[in-house]
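# Examining the three-dimensional arrangement
Each chain is listed here by its residues.
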Amino acid sequence: MDNEVINKLSCFIDLHIHLDGSLPMETVKKLLVLNKIEKNYTDDDLKNILSVPRVGGNLNDYLKKFDFPVSLLQTPKAIEMAVYDLKEKLKEDGLIYAEIRFAPQKHMQRGMTIEQCVRAAIRGQEKSSLKSGLILCMMRGDDNHDLNLETIEIAKKYLGHGVCGIDLAGAEAQYPTENFKDLFDLVKSYVIPTTIHAGEAAGPRSVDTAISFGARRIGHGVRSLESTQTIKSIKDNNIALELCPTSNLNTGLFENIEEYPFKGLLNYGFKITINTDNTTVSNTSIRREFRILNNAFNLNTIMVKNLIMNSVRASFAQPNIRVFCESEIERQFKELNL
Ligand SMILES: [Zn+2]
């Protein structure tokens, strides 16, 4: 299909977008002032600090891009502003719903508590009219168990009041998903909707483990096709995959988009969703992700509509928001005669 159609659509959904890796450039400038940082950064300086080059990237370089934005997000005021600004930017980018995720425990460098951080994010979220939910990330590691437990308790407290789900993020290969069973036993007992980063840096086994821990969605999961057992498990449990193509290219998981297993995943009939992961680090947008897939794999209108509808079905949104999203998507496709 013509990319012009993708450019005209304004009914996108992003279920996998990290706050710290997606700060709009104007927000970063405001955060520099808020943090009383006097050094003069040009736009090019900021781009170099915040974004990875288009090609030739690796996971290490990618992960380094989060230190600076995280350092700017250490007060409730900064968090509130960042969430609000990001939502306004996403609205401009043609989104009708987003699930924004962040790890509260990364924002405690100056004494902010997990709860203060989440409350600030909820305030920022409520100020913008874009429909959205917050996903709280636990972090993989070996010395932050208590912080992860607290994240679960706060997710439970604010579930349905700004928070819509929980995630596990961080170095997948270094800290295997199975290490976190006790956390997900608790998450399960609280019935908090769960997504887990898996099947990206670590192999398909991490996806199997994530599903056994109660994940309804898998962050990335692109390595699932390496195992027939995993393929079956995704199908049997109707698990949604949160694909983020550019991010996987940036971390060097795939050399080029043609290698990306999009068609393979699609052919298995998986519930696939398209997302950005980190719009600033990857210098991308949801529309751009669709264009990239269209250029490489020649999408048709039905595929694009199905992909967006998958995001509605896989979302952790309340029924009224799902109904709104579905009717908006139907309306726009009809209006464009698609
Ligand atoms: Zn992610």
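Right above here is the structure, for reference.
This write-up is about the structure you can find in this document. None of these values were measured; they are calculated from a predicted model. (Residues numbered from 1 in each chain as written. Predicted model: local features only at pLDDT ≥ 70, side-chain atom pairs only at ≥ 80, totals over all residues. Heavy atoms only, no water.)

## Observations concerning the packing of helix α2 (residues 25–34) against helix α3 (residues 43–50)
- Here α2 crosses α3 at 100°, and the two axes come no closer than 11 Å. Taken together, the axes of α2 and α3 lie roughly perpendicular to each other. Listed contacts from α3 to Met 25, Val 28, Lys 29 and Leu 32 of α2 are Asp 43, Leu 46, Lys 47 and Leu 50.
- In the contact of α2 with α3, the residues fall into five nonpolar, no polar and three charged. (Axes fitted to C-alpha atoms, helices over the stretch in contact; angles between N-to-C directions. Helix = DSSP H or I, 4+ residues; strand = E, 2+ residues; numbered from the N terminus. Parallel < 35°, antiparallel > 145°, perpendicular 65-115°, else oblique. Contact = heavy atoms within 4.5 Å. Nonpolar A, V, L, I, M, F, W, Y, C, P; charged D, E, K, R; others polar.)

## Points about the coordination of the zinc ion
- The protein atoms donating to the zinc ion are His 16 (NE2), His 18 (NE2), His 197 (NE2) and Asp 277 (OD), with metal-donor distances spanning 2.1 to 2.3 Å.
- With four donor atoms in place around the zinc ion and angles of 82 to 169° between them, the coordination shape is irregular.
- Look at where the donors of the zinc ion fall in the sequence and you get H-x1-H-x178-H-x79-D. Pair noted here: His 18 is in strand β1 (residues 12–18) and His 197 is in strand β5 (residues 195–198), with a separation of 179 residues, a long-range link.
- For His 18, a relative accessible area of 11% gives the class buried. (Donors = N, O, S within 2.8 Å, 3.2 Å for Na, K, Ca; no water. Tetrahedral: all angles 85-135°; square planar, octahedral: opposite > 155°, others 65-115°. Buried < 20%, exposed > 50% of the residue type's maximum accessible area, 1.4 Å probe, protein only.)

## As for the environment of Cys 137
- You can see Cys 137 is positioned in strand β3 (residues 131–139).
- Owing to a relative accessible area of 2%, Cys 137 belongs among the buried residues under this scheme.
- Those residues in contact with Cys 137, other than ones at most four positions away along the chain, are Arg 101, Phe 102, Ala 103, Pro 104, Gln 105, Thr 151, Asp 167 and Ala 169.

## Observations concerning the pattern of salt bridges
- Scanning the entire structure with this criterion turns up 22 salt bridges.
- The residue Glu 99 makes a salt bridge to Arg 217 at a minimum N-O spacing of 2.9 Å. Placement of Glu 99 in strand β2 (residues 95–102) and of Arg 217 in strand β6 (residues 217–220) is noted, with a sequence separation of 118 residues between them. A single burial state applies to Glu 99 and to Arg 217, both of which are buried.
- The shortest N-O distance in the salt bridge between Glu 115 and Lys 157 comes to 2.7 Å. With Glu 115 in helix α7 (residues 114–127) and Lys 157 in helix α8 (residues 145–158), this residue pair connects regions lying 42 residues apart in the sequence.
- Sharing partners across several salt bridges, the network here consists of Glu 99, Arg 101, Asp 167, Arg 217 and Glu 242. (Salt bridge = Lys/Arg side-chain N within 4 Å of Asp/Glu carboxyl O.)

## A closer look at the sheet that holds β6
- Pairing in this open sheet of four strands is parallel, and the strands run β5-β6-β7-β8 from one edge to the other. The two strands at the open ends of the sheet, each matched to only one other strand, are β5 and β8 (271–274). Each strand of the sheet is rotated relative to its neighbour by a mean of 30°, with strand direction disregarded.
- Judged from the four bridges that link them, β5 and β6 form a sheet pairing that is parallel. The residue bridging Ile 196 from the neighbouring strand is Ile 218, located in β6.
- Against the sheet, helix α10 (residues 204–212) makes contact with β5 and β6, and its axis sits at roughly 165° relative to β5, the strand it touches most.
- Those strands touched by helix α15 (residues 301–314) are β6, β7 (240–243) and β8, and its axis lies near 105° from that of β8. (Pairing = 2+ DSSP bridges.)

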